[in-house]
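# Working through the structure, step by step
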There are 2 protein chains.
Amino acid sequence: MISQLQKARSAYQPKVPAAIEGATKLAEGKATQSVADQEDIKKLFPNTYGMPIVTFEKATGETKTEAFNVGIILSGGQAPGGHNVISGIFDGIKKLNKDSKLYGFLGGPSGLVDHKYIELTSEIVDEYRNTGGFDIIGSGRTKLEEVEQFDKGLEICKKLNIKAIIIIGGDDSNTNACVLAEYYLAKNTGVQVIGCPKTIDGDLKNEMIETSFGFDTATKVYSEVIGNIERDANSAKKYWHFIKLMGRSASHVTLECALQTQPNVTLIGEEVEAKNQSLDDVVTYIAEAVAARAAKGLNFGTVLVPEGLIEFIPAIKKLIAELNDMLAANQAEFDTVAADKKIDYVVSKLSKENAELFKSLPTTVSTQLALERDPHGNVQVSLIETEQLLAEMVAKKLAAWKKEGKFVGKFATQHHFFGYEGRCAAPSNFDADYCYSLGRVAALLIASGKTGYMSSVRNTTKPAAEWLAGGIPITAMMNMEKRNGKMKPVIQKALVKLDGGPFKFFASKRAEWAIETAFVYPGPIQYFGPTEVCDQPTKTLVLEH
Amino acid sequence: MISQLQKARSAYQPKVPAAIEGATKLAEGKATQSVADQEDIKKLFPNTYGMPIVTFEKATGETKTEAFNVGIILSGGQAPGGHNVISGIFDGIKKLNKDSKLYGFLGGPSGLVDHKYIELTSEIVDEYRNTGGFDIIGSGRTKLEEVEQFDKGLEICKKLNIKAIIIIGGDDSNTNACVLAEYYLAKNTGVQVIGCPKTIDGDLKNEMIETSFGFDTATKVYSEVIGNIERDANSAKKYWHFIKLMGRSASHVTLECALQTQPNVTLIGEEVEAKNQSLDDVVTYIAEAVAARAAKGLNFGTVLVPEGLIEFIPAIKKLIAELNDMLAANQAEFDTVAADKKIDYVVSKLSKENAELFKSLPTTVSTQLALERDPHGNVQVSLIETEQLLAEMVAKKLAAWKKEGKFVGKFATQHHFFGYEGRCAAPSNFDADYCYSLGRVAALLIASGKTGYMSSVRNTTKPAAEWLAGGIPITAMMNMEKRNGKMKPVIQKALVKLDGGPFKFFASKRAEWAIETAFVYPGPIQYFGPTEVCDQPTKTLVLEH
């Protein structure tokens, strides 16, 4: 059984750039360079380095090719629109030749290595048009990094006569797509590899990739429920709501939701790190907003917190590093310590500075840090319920201020975490169009014989007809970074830029938003209404372009 | 600043029953009886007992009256559509006479008592049409129960020349509205009191009140995010999501969301109580579904849990009662017990049966029950994170079953709680129309000189034009119940009926939903699309009528 909305949406025909509606021709730009470490990257990618940016332009007549087969892989966490990338690829290769075939590797990259796949027929693809989720073939987190994996993949490509693999993933998956492209090209296998930029985190973007797909829909779902909570706060007038949002390594999601909903306090990890703020600095900043509103009789508000906040605080980063080292060095002794003495033991072994910080944490957090470790023996930062931690510490500070007469109000809290609510939402019109276009462009890149390219659709703040379609060499986005102690070529992750348009706009407004009740209630994603309601890109995108 | 959707929605003109579009005449039915305890209720409400159900019918010409003033009160928790009740009342009284005035008492019933109010002009009302929240005048939880409050209210009514008060609230607030109506009538004050059925919990309904407003929108918001989580579960295939939903005294919200989204496991408090299930029965039931799916290779799923589940389990109810009594009797001694010995102390003082149950609870829960008490010294059941408690206990059971070979899978969990996300959402078309109609009908009831009535709009599974408009004597919904040790006249709370249409349909499907992946993804509320997407009532309403 499918819902009425899903039924109605299945008829939606996503918009594509006018340039690729009919026949196309390829325009090649000039040679590219990697964003940094050019010599190293060039050495590692001798065959796929320096290729030109390419653009598809309108041509006359009809573009037809030989039939060819394509294999696709969904890699990593879900993002709204993945199914539309697939339907775009399907329609794209069928337009070029109706006998072309699409194979889907099951359960992520491991499907390629283990030869688990299905043919994606029109019956299957039609069922998933404009739907959320990655359930059409499933996703997975296996990393394609080893030559044995590449060779196993080649076997199945040869068997199925696959001309190209398309990897739909985030920065790491696209890095690996390029490594695979280079390997297959160096070995002259004839198998091309194309990447597609996916992640709700919004941290796969650069000069040429304006946004990763899924970011638009996910942030709109989060903004809907944040807006609803804000309206509740403003009606009940008795709670401060602490809301944590997905995004461990970058705060784009939190920033976009702040631009959409204008909460009282928004923490941006990149700023906390750049300003070398301590946990106490962060707590004081929130408490000041609470106290300022309380002075106006407003004992309610909203605070947005990015999931990765804790790891952005330099002092906490140091504490965690010392904890990991200390526990590894003293594991045997630590195991013999009685449960109720473990915290004291940890304190006794830490440097003075870190011991002080550790003691200042609420006991739920210090206990969790001391006692729970992941399979590699590391403390599990991701388990810290940051939104609760902050609420507790703010409460403590306000209680102290109350005694000093610096705070004259009430402080009651609720907390929320939004992540899974948005990753598999049905794509917004923007993501439905953008993803479908990315898929259509990927098909054209394959037909043009390209490999090591990422499918690219630009000019996305304009109506879809004006979008620009093309491909960007993945090596052009790379630099060298240390991973597990070794220098590796990777796509540079896009963090929130403190001198970028979105952050600067936010920074110019936040003092007002902190004290006033300037909430905005975006409401649910609409598909059928006026274009200013249904077809807006994110505020981040608009402020960046 | 308002969002684009809010701007577009402000132009929406809610639909009303055809019968009240133009002139109306009043048709009186036969005398009513209270649902039970007729003698007692009649004695307590000599002036408002036994009145007839009334219906508004189309008349010719134009209905005009003298100008009159109305005061409104929003009482208790927010529910989507409250602002539309107000705009309906506003338009209703202005249609009858353009010089009529609407006053809003601020911050709930206390506004009436403390004489805090504003005049609701067209500028103010227009700003709030079709929006969520109660922020237009705020809400509050003060109970109108004392004669002093009634007399203070009368003062301001006389001062503002208010002909009638409309109380928008749940079962308790409407009970109090009737007590107030009776008092004002007995004292011949000339001030009428009308109630409106509000609560997202859905537990204010009966033969004549088909649904309380807000239930439609709130359950659709929850179903949207539950559906998104289900799609994520079905894509990632690695988590069981435990989702708690608002609703402490009834499980209508959970049942409706289950009907919308078809999760694997749904717990209904009323059934747990009726079957006298233990916590272990509930845990076993969930674990069996997990094990059955694991046997098919499906290590993921969704479980819906009503907020009040714990209090529906008879054994837990007994444990809590004994804990409250025991702690009250031994408070002084308990306070002297060392923190790490308090649990042992509690166990030593409980009856054998309850001590066993107490010891079987995860330590987080037993600690919370033993150590945290509300201002009245009672254990705080509402603080128990039921979704986490169940996830932990299911994990424990599955670990035991794994050893016995009864479970052959993985069990990893995520948990969520949805409540504040839905209470202040912008009303669905249904709630926008239903609430506006309730307001228009309330205005007509006042003009007809009625008091002690609840505004009623029926036949709501049909298009709005066919809805029936009228009023139901509040006493007809009452019975006597024990509250704080005393028998009180109250509106009978509507629990989930195990022999009702919605539960029976659910019960006929749940075995299949448990094992198959039969998820349905409703998606976000739509306002502008095809009517089968935008204008559907809840499944509960359809299955009941």
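Residues numbered from 1 in each chain as written. Chains lettered and ligands numbered in written order. Predicted model: local features only at pLDDT ≥ 70, side-chain atom pairs only at ≥ 80, totals over all residues. Heavy atoms only, no water.

### A few points about the overall build of chain A
Counted only if it meets this: Labels follow the DSSP assignment, with helices taken as runs of H or I lasting at least four residues and strands as runs of E lasting at least two, numbered in each case from the N terminus. As a reference, a globule follows 2.2 Å times the number of residues to the power 0.38, and the radius of gyration itself is taken over C-alpha atoms. Buried, partly exposed and exposed residues are distinguished by accessible area as a fraction of the type maximum, computed with a 1.4 Å probe on protein chains only: under 20%, between the cut-offs, and over 50%, respectively. Charged residues are defined narrowly, with Lys and Arg counted positive, Asp and Glu counted negative, and His plus the chain ends left uncounted. Lysine's charge is taken at NZ, arginine's at CZ, aspartate's at CG and glutamate's at CD.
Counting its regular elements, chain A contains 23 helices and 15 strands. Against the globule reference of 24 Å for 545 residues, chain A gives a C-alpha radius of gyration of 25 Å, in line with a compact fold. If one aligns the C-alpha atoms of chain A with their principal axes, the spans along those axes are about 80 × 60 × 50 Å. Buried residues in chain A amount to 61% of all 545 residues. Distance between charge centres in chain A, computed from 62 positive and 66 negative side chains, equals 1 Å.

### Re unusual backbone geometry
With a phi angle near 70 degrees, Asn459(A) is a residue other than glycine that sits in the positive phi range. Mapped onto the elements of the fold, Asn459(A) is located in the loop between β12 (453-458) and β13 (468-473). Residue classification places Asn459(A) among the partly exposed residues on the basis of a relative accessible area of 25%. Even without glycine at this site, Asn130(B) takes up a positive phi of about 60 degrees. Note on Asn130(B): relative accessible area 3%, which makes it buried.

### Quick notes on helix α11 (residues 279-295) of chain B
All names here are of chain B. Condition: Multiplying 1.5 Å by the residue count of a helix minus one yields the expected span of that helix.
Under the 1.5 Å per step criterion, the end-to-end length of α11 is 24 Å for 17 residues, consistent within 8% with the ideal 24 Å. Taken as a whole, α11 has its buried residues at Leu279, Val282, Val283, Thr284, Ile286, Ala287, Ala289, Val290, Ala291, Arg293 and Ala294. Glycine 297 sits one or two positions beyond α11 and adopts a positive phi of about 85 degrees.

### Re the environment of Asn97(A)
Residues and elements named next belong to chain A. Convention followed: Should any heavy atoms of two residues lie within 4.5 Å, those residues are counted as being in contact.
Looking at the element boundaries, asparagine 97 is found in the loop between α3 (82-96) and β4 (101-105). Along the sequence, asparagine 97 and phenylalanine 68 sit 29 residues apart, while their C-alpha atoms lie 7.8 Å from each other. The residues contacting asparagine 97, other than those within four sequence positions of it, are Thr65, Glu66 and Ala67.

### Observations regarding the interface of chain A and chain B
Stated formally: As used here, buried area is the combined drop in accessible area, with a 1.4 Å probe, of two parts when they are placed together. Salt bridge, as used here: a side-chain nitrogen of Lys or Arg that lies within 4 Å of a carboxyl oxygen of Asp or Glu. Nitrogen and oxygen atoms within 3.5 Å of one another constitute a polar contact, given that in protein one can donate a hydrogen and the other can accept it, and given that sequence-neighbouring residues count only through two side-chain atoms. Lys, Arg, Asp and Glu make up the charged group, whereas Ala, Val, Leu, Ile, Met, Phe, Trp, Tyr, Cys and Pro make up the nonpolar group; the residues left over, Gly among them, are polar.
Taken together, the contacts link 55 residues of chain A with 55 residues of chain B. Carbon and sulfur atoms supply 54% of the area buried between chain A and chain B, which totals about 4300 Å² over both sides. Between chain A and chain B we count four salt bridges in total. Close ionic contact of Asp232(B) with Arg423(A) constitutes a salt bridge, the shortest N to O distance being 2.8 Å. At the surface where chain A touches chain B, the tally comes to 24 residue pairs in polar contact (both at pLDDT 80 or more). No other element matches helix α8 (residues 215-236) of chain A, which puts ten residues into the side of chain A that touches chain B. Looking at the side of chain A that touches chain B residue by residue, the class counts come to 25 nonpolar, 20 polar and ten charged.

### Topic: the sheet that holds strand β8 (residues 240-245) of chain A
For clarity, the cut-off: Two strands pair if DSSP finds at least two bridges between them.
One open sheet holds the four strands; their spatial order is β9-β10-β8-β11 (chain A), and the pairing between them is parallel. Bordering the open sheet on either side are β9 (265-266) and β11 (413-418) of chain A, each of which pairs with just one other strand.

### Some thoughts on the nonpolar core
For clarity, the threshold we go by: In these notes, a set of buried Ala, Val, Leu, Ile, Met, Phe, Trp, Tyr and Cys residues joined through side-chain atoms within 4.5 Å is what counts as a nonpolar core.
With 142 residues, the main nonpolar core has Ile166(A), Tyr222(A), Ile166(B) and Tyr222(B) as its most contacted residues. Apart from the residues lying within four places of it in its own chain, the contact partners of Tyr222(A) are Ile200(A), Leu245(A), Met246(A), Val253(A), Cys257(A), Phe418(A), Gly419(A), Glu421(A), Gly422(A) and Arg423(A).

### Observations concerning the sheet that holds strand β4 (residues 101-105) of chain B
All names here are of chain B. Definition in use: Note on method: axes are straight lines fitted to C-alpha atoms, helices fitted across the in-contact stretch only, with angles between N-to-C directions ranging 0 to 180 degrees.
If you walk across this open sheet you meet the nine strands as β1-β2-β13-β12-β7-β6-β3-β4-β5, and the pairing is mixed. Edge strands, defined here as strands with exactly one partner in the open sheet, are β1 (24-31) and β5 (117-119). Ignoring which end each strand starts from, the neighbouring axes of this sheet average 25 degrees apart. Where strand β6 (residues 162-169) lies against strand β7 (residues 192-197), six bridges are found, and the strand directions are parallel. From the neighbouring strand, alanine 164 faces β7, where its bridge partner is glutamine 192.

### Section: the packing of aromatic side chains
Keep this limit in mind: In summary, the pairing rule links any two rings of Phe, Tyr or Trp, Trp by its six-membered ring, whose centres are within 6.5 Å, and it sorts them by plane angle into stacked for under 30 degrees, edge-to-face for over 60 and tilted for everything else. As a reminder, the over-ring test applies to NZ of lysine and CZ of arginine, requiring each to be within 6 Å of the ring centre and within 35 degrees of the ring normal.
Under the defined criterion, the tally for this structure stands at 26 aromatic pairs over all chains. Each ring, one from Phe506(A) and one from Trp513(A), has its centre 6.3 Å from the other, and the planes form 55 degrees; the classification is tilted. Of the two residues examined, Phe506(A) and Trp513(A), each falls in the buried class. Their ring planes at 55 degrees and their centres at 6.1 Å tell us that Tyr183(B) and Tyr184(B) sit as a pair that is tilted. Each of the two residues, Tyr183(B) as well as Tyr184(B), counts as buried. In this structure an aromatic cluster arises from ring pairing among Tyr103(A), Phe105(A) and Tyr117(A). The ring centre of Phe334(A) lies 4.4 Å from the NZ or CZ of Lys342(A), which sits over that ring.

### Brief notes about the pattern of salt bridges
Following the criterion strictly, the structure yields 52 salt bridges over all chains and no others. Between Asp126(B) and Arg129(B) there is a salt bridge, and its shortest N-O distance comes to 2.8 Å. Overall, the relative accessible area of 15% leaves Arg129(B) in the buried class. Within this structure, Lys15(A), Asp433(A) and Asp535(A) form a network of salt bridges that share partners.

### Details of the relation of the copies chain A and chain B
Under the convention used in this document: Here the copies were fitted onto each other by least squares, based on C-alpha atoms from residues at pLDDT of at least 70 in both.
Least-squares fitting of chain A to chain B yields an RMSD of 0.0 Å, with the superposition described by an axial translation of 0.0 Å and a rotation of 180 degrees. This pairing of chains is accounted for by a two-fold axis. The overlap is high: 100% of the interface residues of chain A also sit at the interface in chain B, so the same surface is used on both sides.

### Focus: the confidence of the model for chain A
Convention followed: The quantity known as pLDDT measures the predictor's confidence residue by residue, on a range of 0 to 100.
Confidence in the prediction of chain A, expressed as mean pLDDT, is 95, and 100% of residues score 70 or more. For this predicted complex, the interface score ipTM comes out at 0.96, while the overall pTM is 0.96.

### Brief notes about the state of the cysteines
Residue and element names in this part refer to chain B. Test applied: The criterion for a disulfide is a pair of cysteine sulfur atoms lying within 2.5 Å.
Per the counting criterion, the structure on display carries zero disulfides over all chains. With no disulfide of its own, cysteine 257 lies 17 Å from the sulfur of cysteine 424, the closest cysteine sulfur. There is no disulfide at cysteine 435, and the cysteine sulfur nearest it, in cysteine 196, is 8.3 Å away.

### Some remarks on a negative patch on the surface
Using the following cut-off: Patches here: salt-bridge-free residues with over 30% relative accessible area, like charges joined within 9 Å, nonpolar side chains (Val, Leu, Ile, Met, Phe, Trp, Tyr) joined within 5 Å. Using the Shrake-Rupley algorithm and a 1.4 Å probe, accessible areas are obtained, with residue cover drawn only from the displayed protein chains.
On the surface, a cluster of negative charge is contributed by Asp340(A), Asp344(A), Asp340(B) and Asp344(B). Looking at where Asp340(B) falls in the secondary structure, it is placed in the loop between α14 (331-336) and α15 (342-349).

### What about α3(A)?
Counted at 1.5 Å a residue, the expected span for α3(A) with its 15 residues is 21 Å, and the 22 Å between its end C-alpha atoms agrees. In terms of burial, α3(A) is a largely internal element, 13 of the 15 residues being buried.

### Examining the packing of helix α15 (residues 342-349) of chain A against helix α17 (residues 363-371) of chain A
Residue and element names in this part refer to chain A. Under the convention used in this document: Orientation categories follow fixed angle ranges, with anything under 35 degrees roughly parallel, anything over 145 roughly antiparallel, 65 to 115 roughly perpendicular, and all other angles oblique.
Closest axis-to-axis distance for the α15/α17 pair is 10 Å, and the angle between their directions is 80 degrees. On the basis of the axis angle, α15 is roughly perpendicular to α17. In this structure, α15 contributes Lys342, Ile343 and Val346 to the contact, and α17 contributes Ser366, Thr367, Ala370 and Leu371.

### Brief notes about the pairing of strand β15 (residues 486-491) of chain A
Residue and element names in this part refer to chain A. Strand direction decides the pairing type here: strand β14 (residues 478-483) and β15, joined by six bridges, are antiparallel. Its bridge partner lying in β15, arginine 483 is registered against lysine 486. Where β14 folds back on β15, the antiparallel hairpin that results is connected by two residues, among which asparagine 484 adopts a positive phi of roughly 50 degrees.

### Section: the pairing of β11(A)
Residue and element names in this part refer to chain A. Where burial is concerned, the two faces of β11 differ: the one with Gln414, His416 and Phe418 is buried and the one with Thr413, His415 and Phe417 is not. Taken together, the six bridges between β8 and β11 define a ladder with parallel strand orientation. Looking across to β11, one finds that histidine 241 is bridged to glutamine 414.

### Topic: the side chain of Arg458(A)
Residue and element names in this part refer to chain A. Within the fold, arginine 458 resides in strand β12. Glutamate 210 provides the closest opposite charge to the buried, salt-bridge-free arginine 458, at an N-O distance of 5.9 Å. Excluding its chain neighbours within four sequence positions, the residues that come into contact with arginine 458 are Thr55, Met208, Glu210, Trp467 and Leu468.

### Description of the environment of Glu421(A)
With respect to the element layout, Glu421(A) can be found in helix α19 (residues 420-423). On a C-alpha basis, the gap between Glu421(A) and Tyr222(A) in space is 7.5 Å, while along the polypeptide they are 199 residues apart. With residues near it in sequence (within four places) discarded, Glu421(A) still touches Val221(A), Tyr222(A), Val225(B), Asn228(B), Ile229(B), His416(B) and Phe418(B).

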